[in-house]
Amino acid sequence: FGDIFTYLYFKKTHWAVNLRLYECIEGDDGPVCLIGYSLGSLVCYCALKQNQAVAQKVSHLIMLGSPLFWFKHGVVEHVDLDSKPAVGRFTNIAGILDIAWAQAVPKILNGLDESIEFTLNPFDPIKGHREYFENGEGLRVIASEVKKGWDECC
């Protein structure tokens, strides 16, 4: 949680992280499919809301295991939650029993094109947060959504 608070409440860190993301996106010939996992989902959302020119290079933004619900007050100090960034497609992927409670994202965030839920670890929410890339169903959902975005843009 320390990294999240540092990103959200220390302006120097916030802008340094955003600038690094902008450099990576601008350095790519595109189209860019951007997957933000956990804190990365907050970074991607804030950074792309704050720079529409860069956001327009992103064909698909996927928020994966986002703790946005828990940190919405810190996020709204930087951006509004009323609309999506200027990206092509915007998806939230939420594993059920994930301590980040990513399935609550659609309740507070407008502009999602899709929100996908599936079961990760039915017994341990901390392990559930770490299993997106280890769980076969998680990998299938991520791959399917990346392909769907690719098919739409390219």
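Here the structure is a predicted model, which is why all the values come from computation and not from measurement.

**Quick notes on a nonpolar patch on the surface**
- Residues Phe5, Tyr9 and Phe10 make up a contiguous nonpolar surface patch of about 320 Å² in total accessible area.
- By the element assignment, Tyr9 lies in helix H1 (residues 2-9).
- Tyr9 sits in the partly exposed class, given a relative accessible area of 39%.

**Describing the sheet that holds strand E3 (residues 89-96)**
- In space, the four strands of this open sheet follow the order E1-E2-E3-E4, with parallel pairing throughout. At either end of the open sheet lies a strand with only one pairing partner, and these are strand E1 (32-37) and strand E4 (114-119). Here the average twist between neighbouring strands, direction ignored, is 15°.
- Relative to E3, strand E2 (residues 58-64) runs parallel, the two sharing five bridges. Across the sheet, Ile62 pairs through a bridge with Thr91, a residue of E3.

**So, the side chain of Asp98**
- Relative to the helices and strands, Asp98 is located in the loop between E3 and helix H6 (105-108).
- The buried charged residue Asp98 lacks any salt bridge, with Arg130 as its nearest oppositely charged partner at 9.8 Å.
- Within polar-contact distance, the side chain of Asp98 engages the side chain of Tyr132 at 2.5 Å.
- In this view, Asp98 contacts Gly65, Pro125, Gly128, His129 and Tyr132; residues no more than four positions away in its chain are not counted.

**What to know about the nonpolar core**
- Core analysis: the biggest nonpolar cluster contains 30 residues, and Leu34, Leu48, Leu68 and Val75 have the highest contact counts within it.
- For this core, the elements supplying multiple residues, two or more each, are H1, helix H2 (11-26), E1, helix H3 (39-50), helix H4 (52-55), E2 and H6.
- No other element matches H3, which puts seven residues into this core.
- Residues Ala102, Ile116, Leu120 and Val141 belong to the second largest nonpolar core, which totals 11 residues.

Calculation notes
Residues numbered from 1 in each chain as written. Predicted model: local features only at pLDDT ≥ 70, side-chain atom pairs only at ≥ 80, totals over all residues. Heavy atoms only, no water. Patch = residues over 30% accessible without salt bridge, like charges linked within 9 Å, V, L, I, M, F, W, Y side chains within 5 Å. Areas by Shrake-Rupley, 256 points an atom, 1.4 Å probe, with all protein chains shown as cover. Salt bridge = Lys/Arg side-chain N within 4 Å of Asp/Glu carboxyl O. Helix = DSSP H or I, 4+ residues; strand = E, 2+ residues; numbered from the N terminus. Buried < 20%, exposed > 50% of the residue type's maximum accessible area, 1.4 Å probe, protein only. Pairing = 2+ DSSP bridges. Axes fitted to C-alpha atoms, helices over the stretch in contact; angles between N-to-C directions. Lys, Arg positive; Asp, Glu negative; His and termini not counted. Polar contact = N/O pair within 3.5 Å; in protein donor to acceptor, adjacent residues only side chain to side chain. Contact = heavy atoms within 4.5 Å. Core = buried A, V, L, I, M, F, W, Y, C linked by side-chain atoms within 4.5 Å.

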